[in-house]
Amino acid sequence: MKNWDEVRTAFQVARLGTVSGAADALGVHHATVIRHIDALEGQLGVKLFQRHARGYTATEAGEDLMRVAQATDDQFGQLEGRIKGRGADVAGELVVTSLGGFAPLLSPILSDFQAEHPDLLVRFLTGDRVFRLEYGEAHVAIRAGDGEVQPDNVVQPLAQMPSALYAAQSYIDRFGVPENEADLASHRFVGPDNPDSRAPFNRWMKTHVPRENVVFRSTSDRALEAAVQSGAGLGFLPTWVADMFDDVVEVLPARREWDAPVRIITHVDLHRTTKVQTFLTFLKARAATWASGT
């Protein structure tokens, strides 16, 4: 297959299901779409589509080709994003990724940064999936913990986020407050569904709290925060999160061993660009206040 245009056309037909839809998406005449499909099927010697009254449906061979075309199209898009990120101006797209739990901290920073650079489009991608910087999926990643990174990534410390053990007042009204660490074994806890979570306070809890006492478990940090606030059990919260709640009480104060390191990760190809460096300077200045909550 020597002609990417034909593969791209077939991909759009498979994605949209009609010749007219693919023609509109590609900005070409519908006859060009038909010609590309016929040429590609002739070159491969197989039918890529079943034609019917409602449009085109990919055959098994067509689906195989489309998976490759999808991956190739994605990589072209990511390459475009990386090339655009090399400009000398703070303009175009700035793509930042983090866990969703960081949104209350990062969204105001990104908003203020965008206000200072009005030609900038900010995309803030959150979720548990690790976006791949080497494929240009993001310019800057903000991650908690000390997990592995790719060798071409640049890693910088951003902050140490303190956490403490909390309970809702409603929980305390029902079960009281632990008098000491030994008393924790008689209390209910909120914690991660994965007992091997690498968060420092979760490692501590695994050692000091019987697993059967963790009666509310979740894979979502936000769900765990809500469960503590609603009185499901004792649980660890970042101190900046607990400060937002009026109805939670500190049970054990923050300890250095429970601090979660937060890191900035960038790809070496984009790290020195004006846009990324300008944002990193802005981010670090604002993040300096996170641990203090000011």
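Residues numbered from 1 in each chain as written. Predicted model: local features only at pLDDT ≥ 70, side-chain atom pairs only at ≥ 80, totals over all residues. Heavy atoms only, no water.

Undergrad: I'd love a proper account of the overall build of the protein chain, names of residues and values included.
TA: From N to C terminus, the protein chain includes eleven helices and twelve strands. What you see for the protein chain is a C-alpha radius of gyration of 26 Å, clearly larger than the 19 Å of a compact globule of 294 residues, by over 25%. Summarising its shape, the C-alpha atoms of the protein chain cover approximately 80 × 45 × 35 Å along the three principal directions. Working note: accessible area of the protein chain is about 15,500 Å², and carbon and sulfur atoms make up 50% of it. (Helix = DSSP H or I, 4+ residues; strand = E, 2+ residues; numbered from the N terminus. Rg over C-alpha atoms; globule rule 2.2 N^0.38 Å. Areas by Shrake-Rupley, 256 points an atom, 1.4 Å probe, with all protein chains shown as cover.)

Undergrad: Account for the nonpolar core, with residues named and values stated.
TA: Grouped together as the largest cluster of nonpolar side chains are 37 residues, with contacts concentrated most on V140, I142, L158, F279, L283 and W290. With six residues, helix α11 (residues 274-287) is the single largest residue contributor to this core. Aside from chain neighbours lying at most four places away, what touches V140 is V95, V96, T97, I264, I265, T266, V276, F279 and L280. (Core = buried A, V, L, I, M, F, W, Y, C linked by side-chain atoms within 4.5 Å. Buried < 20%, exposed > 50% of the residue type's maximum accessible area, 1.4 Å probe, protein only. Contact = heavy atoms within 4.5 Å.)

Undergrad: Report on the sheet that holds strand β11 (residues 248-252), specifying residues and quantitative values.
TA: Across the sheet, which stays open at both edges, the three strands sit in the order β10-β7-β11 with antiparallel pairing between neighbours. At either end of the open sheet lies a strand with only one pairing partner, and these are β10 (235-238) and β11. Taken pair by pair, the neighbouring strands of this sheet meet at an average axis angle of 55°, ignoring direction. Looking at chain direction, strand β7 (residues 163-168) and β11 are connected through four bridges and run antiparallel. Residue A168 lies in a different strand from β11, and its bridge partner there is V248. This element, helix α8 (residues 221-229), spans β7, β10 and β11 of the sheet and lies at about 45° to β7. (Pairing = 2+ DSSP bridges. Axes fitted to C-alpha atoms, helices over the stretch in contact; angles between N-to-C directions.)

Undergrad: Could you give me a rundown of the pairing of strand β12 (residues 260-267), with the residues and numbers involved?
TA: Of all eight residues in β12, seven are buried, a share of seventy percent or more. In this sheet, β12 lies alongside strand β5 (residues 140-144) in antiparallel orientation, the contact comprising five bridges. Within β12, the position partnered with A144 by the bridge is V262.

Undergrad: Go over the sheet that holds β5 with me, naming the residues and quoting the values.
TA: Strand order in the open sheet formed by five strands is β4-β3-β5-β12-β6, and the pairing between neighbours is mixed. Whereas interior strands pair on both sides, the edge strands pair on one side only; in this sheet they are β4 (120-126) and β6 (153-161). If you compare each strand with its neighbour and ignore which way they point, the axes differ by 20° on average. Pairing of β6 with β12, which is carried by eight bridges, proceeds in the antiparallel orientation. Note that in β12 the partner of V155 across the bridge is I265.

Undergrad: Residue-level account of the pairing of strand β2 (residues 55-58), with values.
TA: Where strand β1 (residues 49-52) lies against β2, four bridges are found, and the strand directions are antiparallel. Paired with R51 across the two strands is Y56, which belongs to β2. Where β1 folds back onto β2 in an antiparallel hairpin, the turn is made up of two residues.

Undergrad: How would you explain the packing of aromatic side chains if you had to name every residue and give the values?
TA: Using the criterion set out here, one finds eight aromatic pairs in the structure. An angle of 75° between the planes, with centres 5.1 Å apart, marks the rings of W204 and W258 as edge-to-face. On the criterion of sequence distance, the pair formed by W204 in helix α7 (residues 200-208) and W258 in the loop between β11 and β12 is long-range, its members being 54 residues apart. As far as burial versus exposure is concerned, W204 and W258 are alike and both buried. In this structure an aromatic cluster arises from ring pairing among F201, W204, F236 and W258. (Phe/Tyr/Trp six-rings, centres within 6.5 Å; stacked < 30°, edge-to-face > 60°.)

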